[in-house]
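So the chains spell out like this:
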Amino acid sequence: QVQLVASGGGLVRAGGPLRLSCATSGRISRIKRMAWYRQAPGKQRELVADISSGTSGGSTNYADYVKGRFTISSDNAKNTVYLQMNSLKPEDTAVYYCYANVRALFSSSYYGYWGQGTQVTVSS
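Here the structure is a predicted model, which means the values were calculated and not measured.

Asks: I would appreciate a short explanation of the pattern of salt bridges in the present structure.
Replies: Oppositely charged side chains are able to pair whenever their charged atoms sit close together. Applying the stated criterion across every chain yields a total of five salt bridges. Of the charged contacts, one joins Arg-33 and Asp-50 as a salt bridge, the two residues approaching to 2.9 Å between their closest N and O atoms. Taken together, the residues Arg-33 in strand E4 (residues 28-39) and Asp-50 in strand E5 (residues 46-52) connect sequence positions 17 residues apart. Assigned by exposure class, Arg-33 and Asp-50 land together as buried. Across the pair Arg-69 and Asp-92 runs a salt bridge whose closest N-O atoms are separated by 2.7 Å. Taken together, the residues span a long stretch of sequence, with Arg-69 in the loop between strand E6 (59-62) and strand E7 (70-75) and Asp-92 in the loop between strand E8 (80-85) and strand E9 (94-104) at a distance of 23 residues. Overall, Asp-92 belongs to the buried group, its relative accessible area being 1%.

Asks: Would you explain the state of the cysteines in this entry?
Replies: Among covalent bonds in proteins, the disulfide is the one between the sulfur atoms of two cysteines. Counting across every chain of the model gives one disulfide. In this model, Cys-22 is linked to Cys-98 through a disulfide, with the two sulfur atoms separated by 2.0 Å. Between Cys-22 and Cys-98 the disulfide shows an S-S torsion of about 55°. By sign, it is right-handed. Here Cys-98 lies in strand E9 and Cys-22 lies in strand E3 (residues 18-26), a separation of 76 residues in the sequence.

About the thresholds
Residues numbered from 1 in each chain as written. Predicted model: local features only at pLDDT ≥ 70, side-chain atom pairs only at ≥ 80, totals over all residues. Heavy atoms only, no water. Salt bridge = Lys/Arg side-chain N within 4 Å of Asp/Glu carboxyl O. Helix = DSSP H or I, 4+ residues; strand = E, 2+ residues; numbered from the N terminus. Buried < 20%, exposed > 50% of the residue type's maximum accessible area, 1.4 Å probe, protein only. Disulfide = S-S within 2.5 Å.

Right, dumping it as structure tokens:
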């Protein structure tokens with residue numbers, strides 16, 4: 001069984017920073033990709049940023065609306081992904097979900113797993 005536990009959400013004023021963390025645990029052989037998504041009330045879940053593993057280090061990808069403000073990073077030894085969010089705006093208010101594409105021990109296939117979500121509220 002693979003579990004993702006997200007933390008770090010909260011209430012912050014516009015312009016302020018916040019850092020999210022998501023730890024993956026369980027019988028893990030390899031994590032190919034980790035990501036942060038968000039879902040605002042009445043809207044669909046959308047990709048914020050992702051990071052993929054590679055022989056020369058991870059590659060990252062960001063949604064246009066967070067480029068230059070958010071930074072995704074990972075600690076492979078801890079199977080943890082982070083999202084540093086700076087210059088937050090009220091429109092960043094949403095529930096943020098972490099995601100991991102994981103190959104479990106003794107498995108040849110990758111499956112996607114979701115964290116429980118953490119609320120980020122940005123006040124104006």
